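Okay, here's what each chain looks like letter by letter:
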Amino acid sequence: MSNKEVKNFTRKLETGLRLAEKRMLEEKALRDETIVVSSAEGGFQYIPAKEVLAMF
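What comes next is a walk through the structure. Along each chain, numbering runs from 1 in the same order as the chain's sequence is written. Given that the model is predicted, a residue must reach a pLDDT of at least 70 before its local features are reported, and side-chain atom pairs must reach 80 or more before they are shown or counted; all residues, however, enter totals for whole chains, interfaces and linings. Side-chain numbers here rest on the full set of heavy atoms in the structure, without hydrogens or water.

### Description of unusual backbone geometry
Stated formally: A helix here means a DSSP run of H or I that spans at least four residues, while a strand means a run of E at least two residues long, and both kinds are numbered starting from the N terminus. The cut-offs for exposure are 20% and 50% of the maximum accessible area for each residue type, with area from a 1.4 Å probe on protein chains only; residues under the lower value are buried, those over the upper are exposed, and the others partly exposed.
If you check the backbone angles, D32 has positive phi at about 60 degrees while not being a glycine. As for its position among the elements, D32 is in the loop between α1 (3–30) and β1 (34–38). Take D32: its relative accessible area is 59%, and that puts it in the exposed class.

Given below as structure tokens:
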């Protein structure tokens, strides 16, 4: 693969991952669910999907 092909593939992959994440958040927000997010200190937090979707 050339460098241009790798960059194009990476861009498409990142776009697809963002779309999948948004769809997952939308589904969880509809069901009033929370998601688990890691914190900077190494712990984790439960955050309502609606809040995360609002920041997306």
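Next comes the rest of the description.
### Let's talk about α1
The criterion, for reference: In this analysis, the expected span of each helix is defined as 1.5 Å times one less than the number of residues it contains.
Relative to the 40 Å expected for 28 residues at 1.5 Å per residue, α1 spans 41 Å between its end C-alpha atoms, a close match to the ideal helical length. Looking at the residues trailing α1, positive phi occurs at D32, about 60 degrees.

### So, the pattern of salt bridges
Here is the rule: By salt bridge we mean one thing: a side-chain nitrogen of Lys or Arg within 4 Å of a carboxyl oxygen of Asp or Glu.
Across all of its chains, the model carries four salt bridges by this definition. Notably, a salt bridge pairs R31 with E33, separated by 3.4 Å at the nearest N-O pair. The exposure class of E33 is partly exposed, given its relative accessible area of 26%. Here D32 and K50 are joined by a salt bridge, their closest N and O atoms 3.1 Å apart. Taken together, the residues D32 in the loop between α1 and β1 and K50 in helix α2 (residues 49–55) connect sequence positions 18 residues apart. Assessed through its relative accessible area of 49%, K50 is described here as partly exposed. Where salt bridges share partners, they join E27, K28, R31 and E33 into one cluster.

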